[in-house]
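As a plain string of letters, each chain reads:
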Amino acid sequence: MSAPPGTGSDDPDRPDAGPLRVPYTPWRRWLRRLRRRSALARAAAAGADPGDRVYLTYGVVLLVLVYGPMLWVALAQTGLPLGRPGEDAVLAGRWSSSAFDGLVVVGLCVGGLLSLLAVSVARAGGPLWTSPPEVTFALSGQFAPVTVLWRRLVLLAAGTGVVAAFGASALAAGALGLVGGADAVPADGAGPADVVGWALAAACAVQVPLTLGVAAQGPRRRTAARQAAGVLLGLGVLAPALEILAPQVRAAVVPACLDTAGSAVACPLATGPGVGVLTVAGTAALVSVWLAVRVLPAEIDLDATAAAQRTTVATSQALVAGEAGGLADLLGPRRLGGRGRTLWPPLLRRAPVVARDLLGVRRRVWTVLGAVVAGAGGTFLVLVATPSPGVRGSAFGVVLGAAILYAASASWAAGLRDMASQPRPGGLLPGGVGRVVAAHLVVPAALAALAVGVGLALAALAHQAGLPDGGTAAALVAVCTGVVVLAVRCWVCGATTVPAELFTPVSVPGGGDASTLIVLAWFVRGWLMVVGLAWTLHRTAEAGSGVLGGVAVVVLLTAAWFVRSAVRRLART
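Residues numbered from 1 in each chain as written. Predicted model: local features only at pLDDT ≥ 70, side-chain atom pairs only at ≥ 80, totals over all residues. Heavy atoms only, no water.

Focus: the overall build of the protein chain
- Helix and strand counts for the protein chain come out as 22 helices and 2 strands.
- The burial tally for the protein chain puts 39% of its 573 residues in the buried class.
- In the structure as shown, the protein chain presents an accessible area of about 30,400 Å², 68% of it carried by carbon and sulfur atoms. (Helix = DSSP H or I, 4+ residues; strand = E, 2+ residues; numbered from the N terminus. Buried < 20%, exposed > 50% of the residue type's maximum accessible area, 1.4 Å probe, protein only. Areas by Shrake-Rupley, 256 points an atom, 1.4 Å probe, with all protein chains shown as cover.)

In structure tokens, the structure reads:
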């Protein structure tokens, strides 16, 4: 095996020999060639095709080209409720369209959620990844971290920018009425340039959450990154309230437009982000990328990142093998605060399970509070996207809101998960398994009711979905969604291992084995059920209140079946 280029042929052991230094770029090229030779040798020994990666790349590109336009259209349909041209025409004192306000609100909400996700992913070895071998042989003093890691940081920045531009362009096109068929009403003055502007603004703004995630991987700036993420999340939470108050504030502080006769007329409304917004977003992107590429790599805790990445790989391998219980440890051990808090004695004597769950909530109060806020946002999205008189609605919006509510319920059902992980669930307490499950559902049901109630209150304040005067259909859809989410969460918590019979080969008409898809569907069975039932509720809401009432009864009976099925499964354990 030849040595990497640039090492020279002199004896390094002689007294006058200096330190052996290899430039990183030639060493990287040599290592890449060595790995390629090893991969080709292993493929030849195993009889595999060396061109499998080419076929894999072709398949990924084909999937993107087929399903990318479908996803773009679905996102554009979700953006339709953001634009309300009829309201713009009657408000002469405002300078921006309702589509502009809606896109800003959505951007702030998504930015806050992405910031929270980025600082959380840092516990799982991301967003900047490395591996134990790389830390040992390249980052333990051999090369500067900036020299090794800057390429993948640029790749991360470019990838997140493309994804953000894709989603923002679709939402902007729908909000401005540029797509959506005959029902869409284009906003005055809106055009493709506005869509491009929103895409550029989103591609630049998304670099801020990415930089916060990289900063959270180092102990020096971890606290500051979490505080900044909390500020952005707070802006996202307050964004709907600011959008509600914006027209009234502008009507008071912005002078009305006047025509030649001196009478007030409707002002030309802003539909695109404008030069100011693009300048601020571009400046934030430049500063964020510079920090992520040139400053932060030197401060990352490489050993902790590599260990977390190894845990993530092991968890992924366990998922492939059928074990889903390791997902709870993917982000590391849960950090509990308030360890001095104890069980309430009066409640402990009457309802020990409820007292235990309440103690868990008190020790994770900020996590639970954030989940309630996210659940309220999901409920608000369900209400806004539900068809109502004069509003077409969006199936994708209802499904997305239900998915957000289901994701938020994960922090409420910790007691159910802990009970299901016991060797004999519910065996430590008197009574049957059903009684213990019902007790564990008290706290999640209260938190779910709080989240749905806050979402309904926000919709009523914003006069969305016909609330507060009407909106019975939208309220019914939101309540049924909350019940379904809680029941499905109970159903999923009862099983952490894939049933062995699902691995049985299943032939398909076109040839091949469908057992892999069946196993993957088992892992996401909760999401599939919530998405399917939410879509059913949206479709029946379009048909009328009579049909919706009947389907709502069926959905609630299905939720009861989910809980009963979970009880039976836990009783057989």
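Brief notes about the nonpolar core
- Trp-412, Leu-447, Val-488 and Leu-537 are the most contacted members of the largest nonpolar core, which has 36 residues in total.
- Within the residue set of this core, elements represented by two or more residues are helix H13 (352–363), helix H14 (365–385), helix H15 (395–408), helix H18 (442–461), helix H19 (472–493), helix H21 (525–543) and helix H22 (545–572).
- Sort the elements by how many residues they give to this core and H19 lands first, with 8 residues.
- Look past the residues within four positions of Leu-447 in its chain and what remains in contact with it is Val-361, Val-368, Val-372 and Trp-412. (Core = buried A, V, L, I, M, F, W, Y, C linked by side-chain atoms within 4.5 Å. Contact = heavy atoms within 4.5 Å.)

Overview of a nonpolar patch on the surface
- Judged by side-chain polarity, Tyr-58, Leu-62, Leu-63, Val-66, Tyr-67 and Met-70 come together as a nonpolar surface patch covering roughly 640 Å² of accessible area.
- When you line up the elements, Tyr-58 lands in helix H2 (residues 52–79). (Patch = residues over 30% accessible without salt bridge, like charges linked within 9 Å, V, L, I, M, F, W, Y side chains within 5 Å. Salt bridge = Lys/Arg side-chain N within 4 Å of Asp/Glu carboxyl O.)

Thoughts on helix H17 (residues 433–440)
- For H17, the full list of buried residues reads Val-433, Val-436, Val-437, Ala-439 and His-440. An end-on view of H17 places all buried positions within 160 degrees of arc, on one side of the element. (Arc of directions from axis to C-beta.)

Notes on the environment of Pro-423
- Along the polypeptide, Pro-423 turns up in the loop between helix H16 (414–420) and H17.
- Here Pro-423 falls in the exposed class, since its relative accessible area comes to 80%.

Side note on the pattern of salt bridges
- With the rule as written, the count across this model stands at 3 salt bridges.
- For the salt bridge of Arg-356 with Asp-357, the shortest nitrogen-to-oxygen distance reads 3.0 Å.
- Because the salt bridges share partners, they merge into one network encompassing Arg-220, Arg-221 and Glu-299.

Details of a positive patch on the surface
- Judged by side-chain charge, Arg-28, Arg-29, Arg-32, Arg-33 and Arg-37 come together as a positively charged surface patch.
- Its location among the elements puts Arg-33 in helix H1 (residues 24–46). (Lys, Arg positive; Asp, Glu negative; His and termini not counted. Charge placed at Lys NZ, Arg CZ, Asp CG, Glu CD.)

Concerning the packing of H13 against H17
- Where H13 contacts H17, the two axes come as close as 8 Å, and the packing angle between them is 35 degrees. Note on packing geometry: the crossing formed by H13 with H17 is right-handed. Across the interface between the two elements, Val-353, Val-354 and Asp-357 of H13 pack against Val-436, Ala-439 and His-440 of H17. (Axes fitted to C-alpha atoms, helices over the stretch in contact; angles between N-to-C directions. Left-handed = near helix turned anticlockwise from the far one by under 90°.)

Re the packing of aromatic side chains
- This model, assessed by the stated rule, comprises 4 aromatic pairs.
- With centroids separated by 4.9 Å and ring planes inclined at 35 degrees, the aromatic side chains of Trp-491 and Phe-562 adopt a geometry described as tilted. Of this pair, Trp-491 sits in helix H19 while Phe-562 is found in helix H22, placing the two residues 71 residues apart along the sequence.
- Judged by its relative accessible area of 10%, Trp-491 is buried.
- Residue Phe-562 is classed as buried on the basis of its relative accessible area, which comes to 2%.
- What links up through ring pairs into an aromatic cluster is the set Trp-491, Trp-561 and Phe-562. (Phe/Tyr/Trp six-rings, centres within 6.5 Å; stacked < 30°, edge-to-face > 60°.)

A few points about the environment of Ala-306
- Residue position: Ala-306 is located in helix H11 (residues 302–321).
- On the basis of relative accessible area, Ala-306 is assigned to the buried category, the value being 4%.
- The residues touching Ala-306, leaving out its near neighbours within four places in the chain, are Thr-130, Ser-131, Pro-132 and Val-135.

A short note on the environment of Phe-523
- With respect to the helices and strands, Phe-523 occurs in helix H20 (residues 515–523).
- When the C-alpha positions of Phe-523 and Thr-497 are compared, they lie 9.3 Å apart, and in sequence the two are 26 residues distant.

A few points about the side chain of Thr-481
- Note that Thr-481 resides in helix H19.
- When residues no more than four places from it in sequence are discounted, the contact partners of Thr-481 are Val-382, Ala-402, Leu-405 and Leu-537.

Details of the packing of H15 against H21
- Two elements in contact, H15 and H21, have axes separated by 9 Å at closest approach and are oriented at 140 degrees. Taken together, the axes of H15 and H21 are oblique relative to one another. When you trace H15 past H21, the crossing you get is right-handed. In this structure, H15 contributes Ala-395, Val-398, Val-399, Ala-402, Ala-403, Tyr-406 and Ala-407 to the contact, and H21 contributes Gly-526, Trp-527, Val-530, Val-531, Ala-534, Trp-535 and His-538.
- Here the contact of H15 with H21 is built from residues that sort into 12 nonpolar, 2 polar and no charged. (Parallel < 35°, antiparallel > 145°, perpendicular 65-115°, else oblique. Nonpolar A, V, L, I, M, F, W, Y, C, P; charged D, E, K, R; others polar.)

Side note on the confidence of the model for the protein chain
- In this model, the protein chain carries a mean pLDDT of 77, and residues with pLDDT of at least 70 account for 76%.
- Within the protein chain, helix H3 (residues 85–90) has the poorest average pLDDT of any element, 44, and helix H8 (residues 207–215) the best, 92.
- Across residues 85–95 the pLDDT falls below 50, and counting only partners more than four positions away or on other chains, this stretch makes 27 contacts in the model. (pLDDT = per-residue confidence, 0-100.)

Points about the side chain of Arg-364
- Residue position: Arg-364 is located in the loop between H13 and H14.
- Within the local environment of Arg-364, its side chain forms a polar contact with the backbone oxygen of Ser-411, the two atoms lying 3.0 Å apart. (Polar contact = N/O pair within 3.5 Å; in protein donor to acceptor, adjacent residues only side chain to side chain.)

Here's the deal with H18
- Look at H18: 29 Å from first C-alpha to last across 20 residues, which is about the 28 Å you get at 1.5 Å a residue.
- On its buried face, H18 is in contact with H13, H14, H17 and H19.
- In the segment just after H18, His-463 is the residue with positive phi, at about 55 degrees. (Expected span 1.5 Å × (residues − 1).)

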